[in-house]
Amino acid sequence: MAWAMLRAHYDRQARHLDLREAFRADPGRFEEYSQQAPHVFADLSKNLVDAHARVMLLELARECMLERHRDAMFAGHKVNNTEQRAVKHWLLRTPRGASLDPDLREVHETLEAMLAYAERVRGDAQITDVVNIGIGGSDLGPQMAVTALAEFAVPGKRFHFVSNVDGHELAAVLAAVQPRSTLFLVASKTFTTIETMTNARSAKAWFEAQGGQDIARHFAALTTNVGAAREFGIETTFGFWDWVGGRYSMWSAIGLPIAIAIGADHFRRMLAGAHEMDRHFASAPLAANLPVRLGLMDVWYRNFHGFASRSIAPYHSSLRRLPAYLQQLEMESNGKRVDAMGRPLGCSTAPVLWGEPGTNGQHAYFQMLHQGTDVVPVEFIAVRQAAHTLADHHGQLLANALAQAQALMQGKHDAGGHREFPGNRPSTFFVLDRLEPASLGALIALYEHRVFVSGSIWGINSFDQWGVELGKVLAKDIAPRLENGDESGLDPSTAGLLRRLRAG
Ligand SMILES: O=P(O)(O)OC[C@H]1O[C@](O)(CO)[C@@H](O)[C@@H]1O
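Rules behind the numbers
- Residues numbered from 1 in each chain as written.
- Predicted model: local features only at pLDDT ≥ 70, side-chain atom pairs only at ≥ 80, totals over all residues.
- Helix = DSSP H or I, 4+ residues; strand = E, 2+ residues; numbered from the N terminus.
- Rg over C-alpha atoms; globule rule 2.2 N^0.38 Å.
- Buried ≥ 20, exposed ≤ 12 C-beta atoms within 10 Å, placed from the backbone.
- Contact = placed C-beta atoms within 7 Å.
- Pairing = 2+ DSSP bridges.
- Axes fitted to C-alpha atoms, helices over the stretch in contact; angles between N-to-C directions.
- Right-handed = clockwise from strand over helix to strand, strands pointing away.
- Parallel < 35°, antiparallel > 145°, perpendicular 65-115°, else oblique.
- Nonpolar A, V, L, I, M, F, W, Y, C, P; charged D, E, K, R; others polar.
- Core = buried A, V, L, I, M, F, W, Y, C linked by C-beta atoms within 7 Å.
- Domains from an automatic or database assignment.
- Left-handed = near helix turned anticlockwise from the far one by under 90°.
- UniProt positions renumbered as here; feature names shortened; annotations may be inferred.
- pLDDT = per-residue confidence, 0-100.

Draft legend 1. Summary view of the overall build of the chain. For the chain, the count of helices and strands is 19 helices and 11 strands. Its C-alpha atoms give the chain a radius of gyration of 24 Å, near enough to 23 Å, the size a compact globule of 504 residues would have. The principal-axis extents of the C-alpha atoms in the chain amount to approximately 75 × 60 × 50 Å. Across the 504 residues that make up the chain, the buried fraction comes to 44%. The contacts in the chain between residues at least 6 apart in sequence include a share of 76% that link residues at least 24 apart.

Draft legend 2. Fine view of the sheet that holds strand S3 (residues 129-133). Reading across the sheet, the 5 strands line up as S4-S3-S5-S6-S7 and stay open at both edges, with parallel pairing between neighbours. The open sheet has two edge strands with one neighbour each: strand S4 (158-162) and strand S7 (236-239). Averaged over all adjacent pairs, the angle separating strand axes in this sheet is 20°, with direction ignored. Two strands pair when backbone bridges link them, and strand S6 (residues 219-223) and S7 are joined in this way by 4 bridges, in the parallel orientation. Bridged to Leu-222 within S7 is Phe-238. Helix-sheet contacts for helix H12 (residues 256-283) involve S3, S4, strand S5 (182-187), S6 and S7, and the interaxial angle to S3 is about 160°.

Draft legend 3. Local environment of the sheet that holds strand S11 (residues 427-432). If you trace the 6 strands from one edge of the open sheet to the other, you get S1-S2-S11-S10-S8-S9, paired in mixed fashion. Looking at strand neighbours, the two that pair on one side only are strand S1 (34-37) and strand S9 (352-354), the edges of this open sheet. On average, each strand axis in the sheet is tilted by 15° relative to the strand beside it, whichever way the strands run. Direction of pairing for strand S8 (residues 309-315) relative to S9: parallel, over a ladder of 3 bridges. When the sheet's bridge partners are listed, Arg-310 is paired in S9 with Leu-353. On the sheet, helix H16 (residues 393-410) packs against S8, strand S10 (378-383) and S11 and is oriented at approximately 155° with respect to S10. Each of S1, strand S2 (40-43) and S11 touches helix H17 (residues 437-458); the most contacted strand, S2, lies at about 45° to it.

Draft legend 4. Highlighting the pairing of S10. Among the 6 residues that make up S10, 6 are buried, leaving the element largely enclosed by the rest of the structure. Taking every second residue as pointing to the same face, both faces of S10 are buried, with Val-378, Phe-380 and Ala-382 on one and Glu-379, Ile-381 and Val-383 on the other. Pairing of S8 with S10 involves 5 bridges; the strand directions are parallel. Considered in S10, the bridge of Ala-313 is made with Phe-380. Read as a crossover between parallel neighbours, the route from S10 over H16 to S11 is right-handed.

Draft legend 5. Just the packing of helix H6 (residues 104-123) against H12, in detail. Interhelical geometry of H6 versus H12 gives an angle of 105° and a closest axis separation of 8 Å. It follows from the interaxial angle that H6 and H12 lie roughly perpendicular. Residues Met-114, Leu-115, Ala-118, Glu-119, Val-121 and Arg-122 of H6 lie in contact with H12, whose contacting residues are Leu-256, Ala-259, Ile-260, Gly-263, Ala-264 and Phe-267. A breakdown of the residues in the contact of H6 with H12 according to their chemical character gives 9 nonpolar, 1 polar and 2 charged.

Draft legend 6. Region of interest: the nonpolar core. If you look at the biggest cluster of nonpolar residues, it comprises 133 residues, and the most contacted ones within it are Leu-185 and Phe-380. Counting only domains with at least three residues in this core, you end up with domain 1 (1-14 + 36-64 + 284-459) and domain 2 (89-264). Contacts of Phe-380, omitting those with residues within four sequence positions, involve Ala-313, Tyr-315, Ala-401, Ala-405, Ser-427, Phe-429 and Phe-430.

Draft legend 7. Summary view of the packing of helix H7 (residues 140-148) against H12. Where H7 meets H12, the closest approach of the two axes is 8 Å, and the angle between their N-to-C directions is 15°. Between H7 and H12, the angle is such that the two are roughly parallel. Seen from above, H7 lies across H12 with right-handed handedness. Seen from H7, the contacting residues are Pro-142, Ala-145 and Val-146; seen from H12, they are Pro-257, Ile-258 and Ala-261.

Draft legend 8. Structural context of the UniProt feature "active site" (unreviewed entry) in the chain. The sites that carry the UniProt feature "active site" (unreviewed entry) are, in the present numbering, Glu-332, His-363 and Lys-472. Judged by maximum C-alpha separation, these annotated positions cover 141 residues in sequence and are scattered in space, the widest gap reaching 37.0 Å. For Glu-332, the location among the structural elements is in helix H14 (residues 322-334). Looking at Glu-332, the number of C-beta atoms within 10 Å reads 22, which means it is buried. When sequence neighbours within four positions are dropped, the list of residues in contact with Glu-332 reads Arg-247 and Gln-465. Residue position: Lys-472 is located in helix H18 (residues 469-484).

Draft legend 9. Main features of unusual backbone geometry. Cis peptide bonds are those with omega within 30 degrees of zero, and the linkage from Gly-358 to Thr-359 qualifies with 10°. One non-glycine residue, Phe-191, lies in the positive phi region at around 60°. Counting through the fold element by element, Phe-191 comes out in the loop between S5 and helix H9 (194-209).

Draft legend 10. Here's a closer look at the pairing of S6. The buried fraction of S6 amounts to 5 of the 5 residues, a majority that puts the element mostly inside the structure. Every second residue of S6 is oriented toward a common face, with Phe-219, Ala-221 and Thr-223 on one face and Ala-220 and Leu-222 on the other, all of them buried. Across 4 bridges, S5 lies against S6 in parallel orientation. Counterpart to Val-186 in the pairing with S6 is Ala-221. With respect to chirality, the unit in which S6 leads through helix H11 (residues 226-232) into the neighbouring parallel S7 is right-handed.

Draft legend 11. Looking closely at the confidence of the model for the chain. On average, residues of the chain carry a pLDDT of 98, and 100% of them reach 70 or more. Across the interface, the model reports ipTM at 0.97; the global pTM reads 0.98.

Laid out in structure tokens, this is it:
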């Protein structure tokens with residue numbers, strides 16, 4: 001019902017919305033379309049949405065029983081229905097006593113153990129290099145957060161992230177470290193992922209070949225499959241639970257590199273910031289609930305405006321891994337073509353997410369954002385206070401973020417031809433006061449919940465990832481063929497490429 005009304009409203013009126021006119025007609029638009037959520041200020045006023053669409057989107061959320069679905073997640077129900085699992089990454093940042101969930105005690109016991117270990121490593125001057133071996137959620141979150149919070153990192157330790165099965169990556173790291181001063185963290189929820197196990201085996205073989213002795217001191221495993229880690233020969237293990245999805249796992253033992261980098265207190269602050277956002281999502285009325293507003297905007301853009309991508313523009317170089325992190329979060333969660341019951345969907349789902357830090361992107365692809373044929377909503381993330389004291393830089397950085405959002409909206413019409421900017425191009429603008437553990441935690445939790453919201457409206461299970469399986473199976477079949485040249489049963493293209501790769 002709400003969907004049909006939104007469609008009618010879009011066709012009749014909303015598709016003609018002009019942001020410049022909307023601001024002229026409503027002097028209160030900035031106040032109405034912006035809000036302060038925990039640690040994150042968000043200005044949504046430069047989005048192609050009007051009051052009627054907003055009301056109808058909230059109605060759509062009610063019809064889709066968003067609140068019931070959200071409450072089911074927070075109640076620990078098995079909302080990941082295809083894997084019959086609860087979805088409780090939020091519990092990892094829930095303070096003691098703040099939930100009756102029976103797993104909370106174990107969560108805190110594990111957190112204490114992991115943070116105590118992190119503090120020991122921080123105090124161990126002999127360990128100068130920490131190498132995280134993991135991929136997907138076992139890499140992107142820790143890497144993004146360690147990079148984002150570099151200002152808080154312990155001096156004297158370097159952090160390396162090895163994810164790819166491409167040996168060039170591991171070889172380059174191994175060439176730069178010494179066994180006696182390196183701690184390897186093997187991060188894998190399942191402890192079966194081929195890339196991670198291959199890298200872990202090679203790292204262990206290198207360590208032993210270099211005369212490295214004390215595996216217990218130089219290797220730790222972060223996994224739900226502690227048995228497999230022990231079998232692999234790693235005694236130091238930190239566990240977590242099957243109700244933590246890989247892309248939602250930086251709050252768990254998978255966050256150990258973050259804890260080593262920033263320390264226990266800061267790690268706790270990151271959890272606390274995320275928890276504040278959890279509370280906001282769980283309790284704020286839908287109309288003033290930032291993850292809900294953003295998720296509904298995502299549906300509006302994807303299904304009514306037909307925008308197929310969204311560009312992430314963090315105006316802070318320490319957030320340079322954020323776009324990659326968000327790609328997994330959103331595209332692995334909501335890149336689905338069937339609903340939670342397996343029935344084909346009648347609408348489009350996750351857009352393509354992409355981006356680079358500003359101002360770099362401005363000198364690369366912003367041309368297309370301003371004058372290309374496709375409209376791409378842009379998401380600016382600006383940080384009010386810099387962590388450095390260099391004169392001029394931060395003002396210029398922030399001025400550029402504001403100017404880009406302004407230029408996208410205003411356009412320029414006096415010159416014509418190549419110099420014409422159509423304008424009316426939408427953007428969202430986030431402001432953090434500082435990039436610090438609590439604000440990063442809140443920002444990431446905001447994105448997690450926003451993905452939950454759009455996934456709920458589409459009726460999909462945002463917590464499985466069956467789409468990654470087929471390629472894994474085929475790679476297993478092809479690997480021996482690269483050795484033995486067997487082409488039987490292969491399509492002509494794959495067979496031809498196999499020949500080409502084996503030649504010489
Ligand atoms: O932590 P694991 O089990 O090694 O998995 C790594 C990644 O692989 C995936 O399963 C996809 O292949 C992701 O969902 C996950 O984050």
